[in-house]
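Here is how the chains run, residue by residue.
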Amino acid sequence: MTCSRREFLRMGAATAFCGPALLKDGALHAQTLKLPLAIQLYSVRDLLSNDFAGTLKALASLGFREVEAAGYYDHSAEEVRKALDDAGLKLVSAHYSFDDLRKQFDQIVAFNHALGVGTLICSTPGFKEPSRLDGIPPGARNRPYTLDDWQWNADQFNQFGEKMHAASMKFGYHNHSMEFQTIDGVVPYAELLRLTDPAKVTMEMDCGWVVVGGGDPVEYLTKYPTRISMLHVKDFKRPDPASGRRGGRAAELGQGYIDYRPIFAAAAKAGQVTHCFVEQEGFDMAPMESLRIDANYMHNLGIG
């Protein structure tokens, strides 16, 4: 799901252009959101596959303290734990697709329980009737979701959450942009919030994808202050309106058009956000240099 397939988004109060000037006064707007600097490891997926332990140490050298997994690259739980300990990083959550959770739930829970992971996140939703995917290319599979699919997913999430609670873990859902495309007058993300049990399902709100989808992260943090416990933080280059797309290419934080000052201020006011993960999905420079820019941006907004 890449923003390059989307038309130009409607800009809102939380999506004003931000540039280098942001770094001078950003901490004034988000100084109360005091959280450790964290990163979703999908950001360094190519590096991890070649040097798992070394990549984790490099992230720690940039100031990251918490990580969220998106695969363990065939390493055992013992190997993963040692690499994390050697780097001084804390693994707090992990991403899995709906299909993986459905097919390998017990194995996934056992592996992550051994690592001390507290929350498992569903990174992509499922289809009520998977046969509808026949003939649809993988890159286009975010389009055919119906309102019935979203309502069915909400029920599945409640079931996952109940089973996760029994395993002394939490269950959450991570959005992309499609959850904010209205279907028959209904915003799927709002429908998921309405139908999922707060005691069983938390939300990891990907702020960048909310914006690309035409939503406003501040609005959701304000309207649903107790439902969102984690954030993903990413930025995009301003898209060309003539392209008909909603979002541009991935950008380093502060180098695109998403202003995180009001978002972090809203998260601080809500008081329920416990983890805030940088996610850099693409690079125009050396990955660690890109992530250094991201880390500096977050530090200047009081994260770290």
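Notes on the structure in this doc start here. Just so it is clear, the model here is predicted, and its values are computed rather than measured.

### Quick look at the overall build of the protein chain
Across its full length, the protein chain holds 12 helices and 10 strands. Counting across all 304 residues of the protein chain, residues that qualify as buried make up 53%. Long-range pairs, those at least 24 residues apart, make up 79% of the contacts in the protein chain between residues at least 6 apart in sequence. Looking at the protein chain as shown, the accessible area adds up to about 13000 Å², and 50% of this sits on carbon and sulfur atoms.

### A look at helix H12 (residues 287–300)
For H12, spanning 14 residues, the distance from its first C-alpha to its last is 20 Å, which sits close to the expected 20 Å at 1.5 Å a residue. Residues of H12 that are buried include every one of Ser290, Leu291, Asp294, Ala295, Tyr297 and Met298, and no others. The arc enclosing the buried residues of H12, seen along the axis, measures out at 160 degrees, which places them on a common side. Just downstream of H12, Gly302 is the residue with a positive phi angle, here 90 degrees.

### Remarks on the pattern of salt bridges
Overall, the coordinates contain 12 salt bridges when judged by the stated rule. For Lys128, the salt bridge goes to Asp148, with nearest N and O atoms at 3.2 Å. Of the two residues, Lys128 sits in the loop between strand E4 (119–124) and helix H7 (147–166) while Asp148 sits in helix H7, which places them 20 residues apart along the sequence. The closest approach of N and O atoms between Asp206 and Lys234, which form a salt bridge, is 2.3 Å.

### Details of the packing of aromatic side chains
Counting across every chain of the model gives 16 aromatic pairs. Ring centres of Tyr72 and Phe111 lie 5.1 Å apart, and the angle between their planes is 40 degrees; on these two criteria the pair is classed as tilted. Of the two residues, Tyr72 is situated in the loop between strand E2 (66–69) and helix H5 (77–87) and Phe111 in helix H6 (residues 98–115); the sequence distance between them amounts to 39 residues. A relative accessible area of 10% places Tyr72 in the buried class. With centroids separated by 6.1 Å and ring planes inclined at 15 degrees, the aromatic side chains of Tyr220 and Tyr224 adopt a geometry described as stacked. You'll find Tyr220 and Tyr224 in the same group, each marked buried.

### Looking at the pairing of E2
Two faces, one strand: in a regular strand the side chains alternate between the faces of the sheet. Neither face of E2 is open: one carries Glu66 and Glu68, the other Val67 and Ala69, and all of them are buried. Of the pairings in the sheet, the one linking strand E1 (residues 38–40) to E2 comprises 3 bridges and is parallel in character. Among the inter-strand pairings, Ile39 is bridged to a residue of E2, identified as Val67. Traced from E2 through H5 to strand E3 (residues 90–97), the parallel crossover comes out right-handed.

### Considering the environment of Gly213
By the secondary structure assignment, Gly213 is in the loop between helix H9 (207–212) and helix H10 (217–223). Residue Gly213 is classed as buried on the basis of its relative accessible area of 3%. On a C-alpha basis, the gap between Gly213 and Met178 in space is 6.2 Å, while along the polypeptide they are 35 residues apart.

Basis of the calculations
Residues numbered from 1 in each chain as written. Predicted model: local features only at pLDDT ≥ 70, side-chain atom pairs only at ≥ 80, totals over all residues. Heavy atoms only, no water. Helix = DSSP H or I, 4+ residues; strand = E, 2+ residues; numbered from the N terminus. Buried < 20%, exposed > 50% of the residue type's maximum accessible area, 1.4 Å probe, protein only. Contact = heavy atoms within 4.5 Å. Areas by Shrake-Rupley, 256 points an atom, 1.4 Å probe, with all protein chains shown as cover. Expected span 1.5 Å × (residues − 1). Arc of directions from axis to C-beta. Salt bridge = Lys/Arg side-chain N within 4 Å of Asp/Glu carboxyl O. Phe/Tyr/Trp six-rings, centres within 6.5 Å; stacked < 30°, edge-to-face > 60°. Pairing = 2+ DSSP bridges. Right-handed = clockwise from strand over helix to strand, strands pointing away.

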